[in-house]
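Letter by letter, the chains look like this.
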Amino acid sequence: MLLSIIIPTYNRLELLVECLRRLIPEVQQFPASGYEIIVTDDSPNILSRSHIEKFYQFVKWVPGPQKGPAANRNNGATYAKGEWLIFFDDDCLPASNIIQAYENAVSIHPGVTVFEGRISADRERRSLIEESPVNERGGYLWSCNFMISRSIFFDQLNGFDSNFPY
């Protein structure tokens, strides 16, 4: 089973790099052949592309449509080859067992087509303009950490609603 990880980004190279560092096979202790990573970049520059090509050759960088986060997520998903799509935001700090946990969830819960990941803040909020979704016990399905069956995503949902530009 191939898992496709889609990471939308926009002018946040530092955050993206930290996310990618946590997804390399040596950190994940998951076979590299079991997953792919697609970074879909809405940035008007190619800083992320240059960095990925130099330091993260196992990651596929693709230009985003520059129509907002929903369209950017959909864009990344169109490049995915896996039967399962995992969405992480570029500022997520994935745990070292996250890919294995998602694969295990499929085995343990056959027939389930959507899985949500745990989300917790890595520090206290520093200002009122910061927002961090929290999903300690489930039930929220934030778009920054979840996995969905490819067929459900494309055939039934038709992806994220790109009418939401923010």
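What comes next is a walk through the structure. Values in this document were obtained by computation on a predicted structure and should not be read as measured data. (Residues numbered from 1 in each chain as written. Predicted model: local features only at pLDDT ≥ 70, side-chain atom pairs only at ≥ 80, totals over all residues. Heavy atoms only, no water.)

## So, the pairing of strand β3 (residues 59-63)
Selection rule: At least two bridges found by DSSP between two strands is the condition for calling them paired. Helix and strand definitions follow DSSP, with helices as H or I runs of at least four residues and strands as E runs of at least two, each counted in order from the N terminus. The path from the first strand over the helix to the second decides the hand: if it runs clockwise while the strands point away from the viewer, the crossover is right-handed.
When strand β2 (residues 35-41) meets β3, the two strands line up parallel, connected through five bridges. Following the sheet pairing, Ile38 is matched in β3 by Lys60. With helix α3 (residues 47-55) bridging β2 and its parallel neighbour β3, the resulting β-α-β unit is right-handed.

## Concerning unusual backbone geometry
We apply this condition: Throughout, exposure labels follow a simple rule: accessible area from a 1.4 Å probe, protein chains only, divided by the maximum for the residue type, with under 20% read as buried, over 50% as exposed, and the rest as partly exposed.
Here Gln29, not a glycine, exhibits a phi torsion of approximately 50°, which is positive. With respect to the helices, strands and loops of the structure, Gln29 is situated in the loop between α2 (25-28) and β2. Note on Gln29: relative accessible area 69%, which makes it exposed. Not every positive phi belongs to a glycine, and Asn158 is a case in point at roughly 55°. Among the secondary structure elements, Asn158 is positioned in the segment after α6 (150-156). The class of Asn158 is exposed, set by a relative accessible area of 61%.

## Remarks on the sheet that holds β3
Going by this rule: Only the contacting stretch of a helix is used when fitting its axis, a line to C-alpha atoms as for every element, and angles between N-to-C directions run 0 to 180 degrees. In this description, contact between two residues means that some pair of their heavy atoms is separated by no more than 4.5 Å.
The strand order across the open sheet formed by six strands is β3-β2-β1-β4-β6-β5, and the pairing between neighbours is mixed. Looking at strand neighbours, the two that pair on one side only are β3 and β5 (114-116), the edges of this open sheet. Across this sheet, the average inter-strand angle for adjacent strands is 20°, counted without regard to direction. Here strand β1 (residues 3-9) pairs with strand β4 (residues 84-88) via four bridges, running parallel. Considered in β4, the bridge of Ser4 is made with Leu85. Packing of helix α1 (residues 13-21) onto the sheet brings it into contact with β1, β2 and β3, and relative to β1 it is tilted by some 165°.

## A look at helix α5 (residues 98-108)
Keep this limit in mind: The directions from the helix axis to the C-beta atoms form the arc being described.
Residues Ile98, Ile99, Tyr102, Ala105 and Val106 constitute the buried set of α5. An end-on view of α5 places all buried positions within 120° of arc, on one side of the element. Structural note: α5 exposes Ser107 and Ile108 on the side pointing more than 90 degrees away from its buried face.

## Concerning the packing of α1 against α3
Keep this limit in mind: Should an angle fall under 35 degrees it is taken as roughly parallel, and over 145 as roughly antiparallel, whereas 65 to 115 is taken as roughly perpendicular and any remaining angle as oblique. For a crossing to be left-handed, the near helix must be turned anticlockwise from the far one by less than a right angle; the clockwise case is right-handed.
Interaxial distance between α1 and α3 falls to 10 Å at its minimum, and their mutual angle equals 30°. When the axis of α1 is compared with that of α3, the two are roughly parallel. Here α1 runs over α3; the crossing is right-handed. Of α3, the residues touching α1 (which contributes Leu13, Leu16, Val17 and Leu20) are Leu47, Ser48, His51 and Ile52.

## With respect to the nonpolar core
Where we set the bar: For our purposes a nonpolar core is just a set of buried Ala, Val, Leu, Ile, Met, Phe, Trp, Tyr and Cys residues, chained together by side-chain atoms within 4.5 Å.
If you look at the biggest cluster of nonpolar residues, it comprises 29 residues, and the most contacted ones within it are Ile5, Ile7, Leu20, Leu23 and Phe88. Elements represented by at least two residues in this core include exactly β1, α1, β2, β3, β4 and α5. When residues of this core are assigned to their parent elements, the largest contribution, five residues, is made by α5. In this structure Leu20 touches Ile7, Ile37, Val39, Ile52, Tyr56 and Val59, once residues within four positions along its chain are discounted.

## Things to note about the packing of aromatic side chains
So the rule is basically this: The rule is short: rings of Phe, Tyr and Trp, with Trp giving its six-membered ring, pair when the centres are within 6.5 Å, and they are stacked under 30 degrees, edge-to-face over 60, tilted in between. Throughout this description, the term charge over a ring refers to an Arg CZ or Lys NZ atom that lies within 6 Å of the ring centre and within 35 degrees of the ring normal.
Inspection of every chain in the model, using the stated rule, returns nine aromatic pairs. Here the aromatic rings of Phe153 and Phe160 are separated by 5.7 Å at their centres, their planes lie at 65°, and the arrangement is edge-to-face. Pairwise contacts between aromatic rings join Phe87, Phe146, Phe153, Phe154 and Phe160 into one cluster. Cation over ring: Arg73 sits above Phe160, and NZ or CZ is 5.6 Å from the ring centre.

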